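Per-entry structural report
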Amino acid sequence: MTVTVQVDTARPVATLINVFTVPPERQDQLIALLARATEETMRHQPGFICANFHASLDGERVINYAQWETEEHYRAMLDNPEARVHMDQAAGIATDVQPRLFRVRSTHSRA
């Protein structure tokens with residue numbers, strides 16, 4: 001299945017970029033957990049748009065790039081006990097977790 005995400009600067013979405021540091025032998029485990037959490041819980045939350053997981057080639061990082069309709073939707077998800085369970089499990093696998101919210105300011109693509 002091919003899923004295409006279109007990033008649009010005109011749409012004021014809240015973009016989460018979460019950098020997980022993880023032991024290389026646990027990278028696949030973390031991605032599987034994040035994917036399962038997204039399918040079971042996150043995608044059903046109000047305001048959820050999309051989530052993508054990126055694995056660094058050295059095995060030491062996982063990047064979660066996700067978008068929410070608003071910052072308020074993202075913050076409400078953080079308060080959801082069902083979502084917290086998954087986030088706590090991810091934090092138990094990773095050695096460091098650095099979530100940050102961003103606003104898309106510029107996009108570029110191949111013509």
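In what follows, the structure referred to is the one given above.
Criteria and cut-off values
Residues numbered from 1 in each chain as written. Predicted model: local features only at pLDDT ≥ 70, side-chain atom pairs only at ≥ 80, totals over all residues. Heavy atoms only, no water. Core = buried A, V, L, I, M, F, W, Y, C linked by side-chain atoms within 4.5 Å. Buried < 20%, exposed > 50% of the residue type's maximum accessible area, 1.4 Å probe, protein only. Helix = DSSP H or I, 4+ residues; strand = E, 2+ residues; numbered from the N terminus. Contact = heavy atoms within 4.5 Å. Expected span 1.5 Å × (residues − 1). Arc of directions from axis to C-beta. Polar contact = N/O pair within 3.5 Å; in protein donor to acceptor, adjacent residues only side chain to side chain. Phe/Tyr/Trp six-rings, centres within 6.5 Å; stacked < 30°, edge-to-face > 60°.

A look at the nonpolar core
- Within the largest apolar cluster, 10 residues are counted, these being Ala14, Leu16, Met42, Phe48, Ala66, Trp68, Tyr74, Met77, Leu78 and Ala83.
- Listing elements by their share of this core, those giving two or more residues are strand E1 (14–21), strand E3 (61–68) and helix H2 (71–78).
- Looking at which element gives the most residues to this core, the answer is H2, with 3 residues.
- Apart from the residues within four sequence positions on either side, Leu78 is in contact with Arg84 and Met87.
- Core analysis: the next-biggest nonpolar cluster, separate from the first, contains 9 residues, Leu30, Leu33, Val62 and Ile93 among them.

Looking at helix H3 (residues 81–93)
- For H3, with 13 residues, the first-to-last C-alpha span of 19 Å sits near the 18 Å given by 1.5 Å per residue.
- All of the buried residues in H3 are Ala83, His86, Ala90 and Ile93. In an axial view of H3, the angular spread of the buried residues amounts to 80 degrees, which keeps them on one side of the axis. Along H3, exposed side chains directed more than 90 degrees from the buried face belong to Pro81 and Gly92.
- Where H3 begins, the capping side chain belongs to Asn80, and its oxygen is found 2.7 Å from the backbone nitrogen of Glu82.

With respect to the packing of aromatic side chains
- In this structure the tally under the stated criterion is 2 aromatic pairs.
- Arranged with centres 5.3 Å apart and planes meeting at 80 degrees, the rings of Phe48 and Trp68 form a pair that is edge-to-face. Separated by 20 residues along the polypeptide, Phe48 in strand E2 (residues 48–55) and Trp68 in strand E3 bring together distant segments of the chain. There is no split in this pair, since Phe48 and Trp68 are both buried.
- Three or more aromatic residues link up through ring pairs in this structure, and these residues are Phe48, Trp68 and Tyr74.

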